[in-house]
Amino acid sequence: MSPTLRRCWLALVALHLVMLVYVLPPTVVFGDSPFGGPDYQTHYQHTTTLLRVHAEFGHAWAYDPFLLAGHPSGLIFDVDNKLHFAFTSGLWRLGVPLPVAFNLFTLLAAALAPVLLWLTARLLRQPPAARAVVFGLGVLAWNFDPTVRFCYGGGMISFATASCLCVVVVAAMHRLMDEQRRGFGVALLLLLPLALRTHVWSFAILVLPLTGLYLRSWSKVQVRTHLFVWGAALLGLLANLDWLVPALAHRALIVPSAGLGQATPDYLLWDFVELLVDPKRTGFVIQRTVLRALVVAAACGTLWAWRREPDGRSFAGGLTLAWLLGLTYFGALVPVIQATEPYRFAVPLTLWASVLAGPWLVASAGQLRALSRGLLLLLAVLLLPRLYQQIMPVVPELSPVAPLTGQAARNLPSARLGGVVDDFKAVVTWLKGQPDRGRVLVQYASLGEYLRWATDRQILGGFHDRRQIFQEADIFYFPIEDPRFTTGLADYLERYNVSHVVMTYPYLPEIERRSDLLAAGGIVGGIHRVYTVKRSGSYFAAGSGRVEAALNRITVHDASPAPGTQSLTLRFHHMQELQCRAAPGAAGACRVEKAELAEDAAGFVRVVGEPTLPREFTVELVY
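To keep things clear, this report deals only with the structure shown in the data block. Treat the numbers as computed from the prediction; the structure is a model and nothing was measured.

**A closer look at the sheet that holds strand β9 (residues 544-550)**
- Spatial ordering of the open sheet is given by β9-β10-β15-β12, a layout of 4 strands whose pairing is antiparallel. Only two strands of the sheet have a single neighbouring strand rather than two, namely β9 and β12 (578-582). Within the sheet, the average angular offset between the axes of one strand and its neighbour, ignoring direction, is 20°.
- As paired strands, β9 and strand β10 (residues 553-560) are joined by 6 bridges and run antiparallel to one another. Bridge assignment links glutamate 548 to a residue of β10, and that residue is threonine 555.

**Quick word on helix α9 (residues 182-198)**
- Its 17 residues place the ends of α9 24 Å apart at the C-alpha level, agreeing with the 24 Å of an ideal helix rising 1.5 Å per residue.
- For α9, every residue scored as buried is listed here: Phe184, Gly185, Leu188, Leu191, Leu192, Pro193, Ala195, Leu196, Arg197 and Thr198.
- Where α9 is buried, its residues meet α4 (82-93), α5 (98-123), α8 (157-179), α10 (202-217), α11 (223-238) and α12 (241-249).

**As for the pattern of salt bridges**
- Under the criterion given, the structure shown has 28 salt bridges.
- As a salt-bridge pair, arginine 197 and aspartate 242 come within 2.6 Å of each other at their nearest N and O atoms. Highlighted residues: arginine 197 in helix α9 and aspartate 242 in helix α12, separated in sequence by 45 residues.
- Residue arginine 197 is classed as buried on the basis of its relative accessible area, which comes to 18%.
- By relative accessible area, which is 37% here, aspartate 242 ends up partly exposed.
- Linking aspartate 516 and arginine 514 is a salt bridge whose minimum nitrogen-to-oxygen distance equals 3.1 Å.

**Concerning the state of the cysteines**
- Taken as a whole, this structure holds 1 disulfide when the rule is applied.
- Between cysteine 580 and cysteine 590 runs a disulfide, and the two sulfur atoms are separated by 2.0 Å. Sign of the S-S torsion, about -80° for the bond between cysteine 580 and cysteine 590, identifies this disulfide as left-handed. Linking cysteine 580 in strand β12 with cysteine 590 in strand β13 (residues 590-597), this pair joins segments that are 10 residues apart in sequence.

**Notes on helix α21 (residues 422-432)**
- Along α21, the residues classified as buried are Asp423, Phe424, Val427, Val428, Trp430 and Leu431. Mapping the buried residues of α21 onto a view down its axis gives an arc of 160°, with all of them on the same face. In α21, the exposed positions that point more than 90 degrees away from the buried face belong to Asp422, Thr429 and Lys432.

**Topic: unusual backbone geometry**
- Residue proline 310 is bonded to the preceding glutamate 309 through a cis peptide linkage, with omega at -10°.
- Structurally, the position occupied by proline 310 is in the loop between α15 (290-308) and α16 (313-330).
- Note the cis peptide between tyrosine 505 and proline 506, where omega equals 0°.
- Its identity is not glycine, yet isoleucine 76 carries a phi of approximately 75°, on the positive side.
- Positive phi outside glycine occurs at arginine 467, with the angle close to 60°.
- Position of arginine 467 among the secondary structure elements: in the loop between β4 (459-460) and α23 (489-495).

**Observations concerning the layout of surface pockets**
- Looking at the second largest pocket, its volume works out to about 1300 Å³.
- Residue assignment for the lining of the second largest pocket shows that the elements contributing at least two residues are α1 (3-23), α6 (128-144), α15, α18 (346-368) and α19 (373-391).
- Its residues assigned to classes, the lining of the second largest pocket shows 24 nonpolar, 5 polar and 2 charged.

**Comments concerning the side chain of asparagine 240**
- The residue asparagine 240 is located in the loop between α11 and α12 in this model.
- By relative accessible area, which is 5% here, asparagine 240 ends up buried.

**What about the environment of lysine 432?**
- Its place among the elements puts lysine 432 in helix α21.
- Of the residues examined, lysine 432 reaches a relative accessible area of 68% and is grouped as exposed.
- Considering only alpha carbons, one finds lysine 432 and arginine 457, 25 residues apart in sequence, at a separation of 9.4 Å.

Basis of the calculations
- Residues numbered from 1 in each chain as written.
- Predicted model: local features only at pLDDT ≥ 70, side-chain atom pairs only at ≥ 80, totals over all residues.
- Heavy atoms only, no water.
- Pairing = 2+ DSSP bridges.
- Helix = DSSP H or I, 4+ residues; strand = E, 2+ residues; numbered from the N terminus.
- Axes fitted to C-alpha atoms, helices over the stretch in contact; angles between N-to-C directions.
- Expected span 1.5 Å × (residues − 1).
- Buried < 20%, exposed > 50% of the residue type's maximum accessible area, 1.4 Å probe, protein only.
- Contact = heavy atoms within 4.5 Å.
- Salt bridge = Lys/Arg side-chain N within 4 Å of Asp/Glu carboxyl O.
- Disulfide = S-S within 2.5 Å.
- Arc of directions from axis to C-beta.
- 1 Å grid on protein atoms, 1.4 Å probe; cavity = no way out; pocket = protein on both sides within 12 Å on 5 of 7 lines; lining within 4 Å.
- Points joined across faces, edges and corners; volume = space filled by probe spheres on them.
- Nonpolar A, V, L, I, M, F, W, Y, C, P; charged D, E, K, R; others polar.

Structure representation (structure tokens):
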């Protein structure tokens, strides 16, 4: 290694470490709460719930009556954080505090991101200088690309991590098919299952590149190479059977969704000119995409040079780049791909392009030496404002403008992660002073997730688009034009036994002006408006009794059937696996059936006496 290259490496590693400490402050990583981003709250809520599920029931999912009037936690919706959960669970069992164990996954992913890109460049046989450039681009892409930053800052850390792993998988597959060496086969056996376990949409990233590489060489390779490829695919399947089998068994509960991340081809232009058009399509970010445009253009330069040689790397590089570009900007036009929120694939697109960009940038740097120093100085002066514009949204301390505060700061965050905010904790304090007579309806998604793990209250809210029929219990899943916000609001509050409402910016006058239904309780934490439902409700749509809820069970005491019947109806969602068991010594027996609801596809739980309804019984989930 030349002295110049050594100095470059020292500078790049120093930059990487500085950004790690800035983005992930040690006081936050090792603090007493998980990261505060919205998806971090969702995943931490899943983690706390599923740790109890594993301990009590030994299964990967359970019926959670404390969220959305009952829904299956660990089934379908949270299949995107299985490795994060396993990592957190393992450290927690070793004695690491749960929030710290949870946060350390993000720290490890951020630390390894540019290293994985460097490894990919090495697998693609790039020269040392190009590999150093790729490492530097990895540091820049991880910290300054708006979509990558949106993913790891908001809590989609598993997808960002999987994207880094996937680029290594493609490179390992290329080397295996090209050289048929055992080492690359073993790497594929290890990395492909790991990537698929990290995030389910690793499959979408890899399916075409790996298939293309295999089909291109399948007739030329040895039997051992075929076994490596099919063995890796089989291990990838086996590594995910624990969630895949129950998810497929409950596929009737899935609600296809195409509400987020649906960028269309015109966003190629909007991203290039750095225009935020629709946050629902690209995330609520400050679009600074010079780096993405640079690495994609440089990647095309590298591919052109490889193709002219010719070089077999051009096929792997070009196929993967074209596939990820197509997924990102054309995927919304394909119904099957819409469910993946395809704009997310801008993350692996940027990372893969960063890997390919290295050789062309090194070659171009050599050509710049031919320019006069005056011209180079002029170019530097002209580019300096653009460089500042790329950095400032990530490091707002560099701006003389007062930083954003309140909800605006959460919608357009800097790269620096924080813990749970104080106003969330203020809502918990407020709830502790309120009688527990019904469910709490929460408008702000991440606050709903937080309240689920930080309190023992039953919550209607959290992530609004959960891709399951049970989300119909959340009024904020529906558009504001829905009758539930107007003529149907009173029925909605009664149907789900809502006792308190927590509203956060942007406030909804359609709900908050209903003084006939809600009594204002003031502003909590300086931002959350709280209300008490005036009319008392009940957890019984028919009949009466006292309810005691826990994971996988709802116990009813002093049960009284509806007049003229031997049945009662609970305002909890129905699932096929729910069964009724009479308390020991209680007269009668019981069974569970579905009470159909016009407004909720899941329906409620109806308990029918056989022949008479027991006074004490438990509705429990039986696997």
